[in-house]
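# Observations on the three-dimensional arrangement
These are the residues of each chain, in order.
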Amino acid sequence: ETGVTQSPTHLIKTRGQQVTLRCSSQSGHNTVSWYQQALGQGPQFIFQYYREEENGRGNFPPRFSGLQFPNYSSELNVNALELDDSALYLCASSLAAGQGPYGYTFGSGTRLTVV
Amino acid sequence: ELKVEQNPLFLSMQEGKNYTIYCNYSTTSDRLYWYRQDPGKSLESLFVLLSNGAVKQEGRLMASLDTKARLSTLHITAAVHDLSATYFCAVRTGGSQGNLIFGKGTKLSVKP
């Protein structure tokens, strides 16, 4: 059974650029959630995808968008990067709405630095 | 709006001592999670608590849940240096969305 894989692990971008982060979900999981964790803070929910549809969104602007593919992998896209977007981006996979005894499995994260 | 509060936010302990981290949440939820995070790393799942009165133990860590009080505790027994990390509690929101709301985390430092 594979875990959650995220790529790239580290990324440096310039303010105003666009970035795409990728996540492969754990085998058997059909839901992917994305979280942003600023330094010294708890993770903040960005959005969630279930069966290729967005089915929940946190308090993030529209320049944060995503996709889920038929194999349940997912992308997070951020346009017009701002300095405050610098953070660790975590992907979590689960069964729908975190069902099942184990809930959510998190990937190792992508560290995004905006300069 | 569901809010999750942890305390303390910082905890410095001596090896061999016991301590408890508290997690309060503002509205009803059916699941509470505890995670560990080492510096620069992802979240490691420690416990999933599903019902009122649930108690789970793994090694020197024990977690409990009181849904009526909207309170979970993470108790550390005879702390060792390897337990130094940041510990997060997270509560699942209701309905079909079911995303997690995290506390701010408790940074634990265990010193010899």
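Quick caveat, the model's predicted, so the values are computed rather than measured.

Here we come to the overall build of chain A. Along its length, chain A carries zero helices and 11 strands. Along the chain direction, N to C, the helices and strands of chain A fall in the order β-β-β-β-β-β-β-β-β-β-β. Over its C-alpha trace chain A gives a radius of gyration of 13 Å, about what one expects of a compact globule, namely 13 Å for 115 residues. Principal-axis analysis of the C-alpha atoms places the extent of chain A at approximately 40 × 25 × 25 Å. By residue count, 49% of the 115 residues in chain A fall in the buried class. In chain A, the proportion of contacts linking residues at least 24 apart, taken out of those at least 6 apart, comes to 54%.

Listed as interface residues are 25 residues of chain A and, on the opposing side, 20 residues of chain B. With both sides pooled, the region where chain A packs onto chain B buries about 1,600 Å², and carbon together with sulfur makes up 48% of that total. In this structure, the connection of chain A to chain B is made through zero salt bridges. Joining chain A to chain B, the criterion identifies three residue pairs in polar contact (both at pLDDT 80 or more). Sorting the residues of the side of chain A that touches chain B by element identifies strand S4 (31–37), strand S5 (44–50), strand S6 (53–57) and strand S9 (87–94) of chain A as the ones contributing at least two each. The greatest single-element share of the side of chain A that touches chain B, amounting to three residues, is contributed by S6 of chain A. Taken together, the residues that form the side of chain A that touches chain B break down as 10 nonpolar, 13 polar and two charged.

A cis amide bond, omega -10°, links Ser7 of chain A with the succeeding residue Pro8 of chain A. In this fold, Pro8 of chain A is placed in the loop between strand S1 (5–7) and strand S2 (10–13). The omega torsion across Asn7 of chain B and Pro8 of chain B is 0°, close enough to zero to call that bond cis. In this structure, Tyr72 of chain A takes a positive phi of about 75° despite not being glycine. Considering the arrangement of structural elements, one finds Tyr72 of chain A in the loop between strand S7 (64–68) and strand S8 (74–78). Classification of Tyr72 of chain A as partly exposed rests on a relative accessible area of 31%.

For the coordinates displayed, the defined rule picks out two disulfides over all chains. Each disulfide pairs two cysteine sulfurs, and for Cys23 of chain A the partner residue is Cys91 of chain A, the sulfurs being separated by 1.8 Å. When the S-S torsion is -60°, as for the bridge of Cys23 of chain A with Cys91 of chain A, the disulfide is left-handed. Of this pair, Cys23 of chain A sits in strand S3 (residues 19–24) while Cys91 of chain A sits in strand S9; the two residues are 68 residues apart in sequence, bridging distant segments of the chain. Each member of the pair, Cys23 of chain A as well as Cys91 of chain A, is classed as buried. A sulfur-sulfur distance of 2.1 Å marks the disulfide that ties Cys23 of chain B to Cys89 of chain B. Taking the torsion about the S-S bond as the criterion, the Cys23 of chain B to Cys89 of chain B disulfide, at about 80°, is right-handed. Of this pair, Cys23 of chain B sits in strand S3 (residues 19–25) while Cys89 of chain B sits in strand S9 (residues 85–92), and the two are 66 residues apart along the sequence.

Our next topic: the environment of Thr31 of chain A. Residues and elements named next belong to chain A. With respect to the element layout, Thr31 can be found in strand S4. The exposure class assigned to Thr31 is buried, which follows from its relative accessible area of 1%. Note: C-alpha distance between Thr31 and Ala92 (61 residues apart in sequence) is 8.2 Å. In terms of polar contacts, Thr31 uses its side chain to reach the side chain of Asn30, at 3.0 Å.

With that settled, the discussion passes to the sheet that holds S8 of chain A. Residue and element names in this part refer to chain A. Ordered in space as S1-S3-S8-S7, the four strands form an open sheet in which the pairing is antiparallel. Each of the sheet's edge strands pairs with one partner strand only, and the pair in question is S1 and S7. Taken over all neighbouring pairs, the strand axes of this sheet differ in orientation by 15° on average, direction set aside. Relative to S8, S7 runs antiparallel, the two sharing five bridges. When the sheet's bridge partners are listed, Phe64 is paired in S8 with Val78.

Take the nonpolar core next. Of all hydrophobic cores here, the largest spans 25 residues; its most connected members are Leu32, Trp34, Leu74, Ile76, Tyr87 and Leu108 of chain B. Only strand S2 (10–14), S3, strand S4 (32–37), strand S5 (43–49), strand S7 (61–66), strand S8 (71–76), S9 and strand S11 (106–111) of chain B provide two or more residues apiece to this core. Setting aside chain neighbours within four positions, we find Tyr87 of chain B in contact with Gln6, Ile21, Tyr35, Arg36, Leu46, Leu61, Leu74, Gly105, Thr106 and Leu108 of chain B. In terms of nonpolar packing, the next biggest core, distinct from the first, is built from 19 residues, Phe47, Leu81, Tyr89 and Leu112 of chain A among them.

Rules behind the numbers
- Residues numbered from 1 in each chain as written.
- Chains lettered and ligands numbered in written order.
- Predicted model: local features only at pLDDT ≥ 70, side-chain atom pairs only at ≥ 80, totals over all residues.
- Heavy atoms only, no water.
- Helix = DSSP H or I, 4+ residues; strand = E, 2+ residues; numbered from the N terminus.
- Rg over C-alpha atoms; globule rule 2.2 N^0.38 Å.
- Buried < 20%, exposed > 50% of the residue type's maximum accessible area, 1.4 Å probe, protein only.
- Contact = heavy atoms within 4.5 Å.
- Buried area = accessible area lost by both parts, 1.4 Å probe.
- Salt bridge = Lys/Arg side-chain N within 4 Å of Asp/Glu carboxyl O.
- Polar contact = N/O pair within 3.5 Å; in protein donor to acceptor, adjacent residues only side chain to side chain.
- Nonpolar A, V, L, I, M, F, W, Y, C, P; charged D, E, K, R; others polar.
- Disulfide = S-S within 2.5 Å.
- Pairing = 2+ DSSP bridges.
- Axes fitted to C-alpha atoms, helices over the stretch in contact; angles between N-to-C directions.
- Core = buried A, V, L, I, M, F, W, Y, C linked by side-chain atoms within 4.5 Å.

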